[in-house]
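# An overview of the molecular structure
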Amino acid sequence: MTAPLPWPAPHRDTPFVGDVMVPGSKSLTNRVLILAALGDGPSVITRPLASRDTDLMAAALTALGATIERDATTWTVTPPAAVRTDAVTIDCGLAGTVMRFVPLLAALGGAPVTFDGDEHARVRPMATTIATLRSLGLQVDDEGRGSLPFTVHATGGVTGGEIRIDASASSQFVSALLLVGARFEKGLDLRHTGSSLPSMPHIDMTVAELRRRGVRIDTDEPGRWIVHPGTIRALDVEIEPDLSNAGVFIAGALVTGGSVRVRSWPRHTDQAGDAWRTIVPAFGGTVAEDGADLLFSAGESLTGVELDLHDVGELTPVIAAMAALADGPSRLSGVAHLRGHETDRLAALVTEINRLGGDAEELEDGLLVRPRPLHAETFRTYDDHRMAHAAVVLGLRVPGLLVENVDTTIKTYPDFAPVWERLMTQAP
Ligand SMILES: O=C(O)C1=C[C@@H](OP(=O)(O)O)[C@@H](O)[C@H](O)C1
Ligand SMILES: C=C(OP(=O)(O)O)C(=O)O
């Protein structure tokens, strides 16, 4: 099969002025799906994200016995009637939320479950998931790899109790345990023992979603979570727009001297992407509330930034693209763990920005980006949706830039390319 032709990135010689309603949050949709499958009755999810990562989660939960009925705007999830006893295989694709969360859910079942995924999924950090399952008393066959593929041999329930893990490579190791801990016989007393813990807002989101469903969880001590055993209540919810994915439109407005209205920005949210409210002023832009929407506008200039992105690592590729177009140098820190994301994002960003004539340098825990005049090339995406997002930001200012495999954006945003094409045909 021949690879599809690279996609011509949208370009603007004039300010990009946009009005967007982004699809639902991946992180919320996949948490809500799992919690609905563990609930004490059916739950209705309104405006879930329908994308590769959430389809994979829905398929995994269905394989484990849940029923998911989908119509245009809602998914109704009915938990399994009984613990399954037949062996199944689950495709994790490249979805961290599927490969980290679902094995813990499978541990509650009564049969072997095998996990595998895309080629690159096999090199994403999974050792903590495997070690966690083993310390909970489960047998895991991974042939010594410490990564996908592996089989979890569930035996009909988990005792739980005290457990220590090193989640410095991904917050998802913590979230995975918290999501199921109430269903362990003794609940969970979890301590993170590693040197640092990335993506705290994602853990806070997990805790908030559990509490909304009646789960008691103590978080008084940093790095420790006590989940009391009990019922996870069914809950009907509406999914918020994905604020991390909104970032590419916000960045597009800022790098072209324009503005964008992002519709229905939640006033209170646990999403990491809410950080755009502070990141945009750091680049010299402004943020204003207008009813339910937020308006992001470019300032006089696009200033270089010094940002610690430890909590919001998934925003880094788009921020790095903005930095490459800024008026001065930027230092992005706190994101060593990005080497274990969909690709090694630090290496990929340096290679691709420099391929365009830029000057990006990899640091131990981040990037140094010095703006330089850029020229068009084919920007490689390494099967990483957020590399495609970064390419669009750059292409808005670099005429003729091509994006290799823009379809990788289906991971969290299936209409990404057509939406940009439509926006480019609109005034001004
Ligand atoms: O739990 C989640 O939904 C996520 C947690 C974060 O993972 P890491 O802690 O591995 O960065 C984030 O980057 C990812 O996009 C989604
Ligand atoms: C890191 C990301 O995804 P995942 O959930 O696959 O870890 C991401 O979307 O930026």
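Conventions used here
Residues numbered from 1 in each chain as written. Chains lettered and ligands numbered in written order. Predicted model: local features only at pLDDT ≥ 70, side-chain atom pairs only at ≥ 80, totals over all residues. Heavy atoms only, no water. Buried < 20%, exposed > 50% of the residue type's maximum accessible area, 1.4 Å probe, protein only. Helix = DSSP H or I, 4+ residues; strand = E, 2+ residues; numbered from the N terminus. Pairing = 2+ DSSP bridges. Axes fitted to C-alpha atoms, helices over the stretch in contact; angles between N-to-C directions. Parallel < 35°, antiparallel > 145°, perpendicular 65-115°, else oblique. Left-handed = near helix turned anticlockwise from the far one by under 90°. Contact = heavy atoms within 4.5 Å. Nonpolar A, V, L, I, M, F, W, Y, C, P; charged D, E, K, R; others polar. Near = heavy atom within 4 Å. Polar contact = N/O pair within 3.5 Å; in protein donor to acceptor, adjacent residues only side chain to side chain. Areas by Shrake-Rupley, 256 points an atom, 1.4 Å probe, with all protein chains shown as cover. Domains from an automatic or database assignment.

Another aspect to go through is the pairing of strand S2 (residues 17-20). On S2, burial follows the alternation: Gly18 and Val20 on one face are buried, whereas Val17 and Asp19 on the facing-out side are not. Note that S2 and strand S15 (residues 259-262) share four bridges and pair parallel. Among the inter-strand pairings, Asp19 is bridged to a residue of S15, identified as Arg261.

Turning to the packing of helix H10 (residues 345-355) against helix H11 (residues 385-397), a few remarks are in order. Direction vectors running N to C along H10 and H11 enclose 30°, while the axes themselves pass 11 Å from each other. Classified by the angle between their axes, H10 and H11 sit roughly parallel to one another. Of the two elements, H10 crosses H11, and the hand of that crossing is right-handed. Residues Arg345, Ala348, Leu349 and Glu352 of H10 form the contact with H11, whose own contacting residues are His385, Arg386, Met387 and Ala390. When its residues are assigned to classes, the contact of H10 with H11 shows four nonpolar, one polar and three charged.

Let us look at the site of ligand 2. Close contacts around ligand 2 come from 14 residues, with Lys26, Gly96, Arg124, Arg386 and Lys411 the closest. The side chain of Lys26 places a nitrogen or oxygen atom 2.7 Å from an oxygen atom of ligand 2. Between ligand 2 and His385, the relevant distance is 3.0 Å, taken from an oxygen atom to a side-chain nitrogen or oxygen of the residue. Protein contact buries 96% of the 300 Å² of open area that ligand 2 shows by itself. Put simply, the parts of the chain that give the shell around ligand 2 at least two residues each are helix H3 (96-106) and H11. For the shell around ligand 2, a count of residues per class yields two nonpolar, five polar and seven charged. Composition of the shell around ligand 2 by domain shows at least three residues from each of domain 1 (7-24 + 241-425) and domain 2 (26-238).

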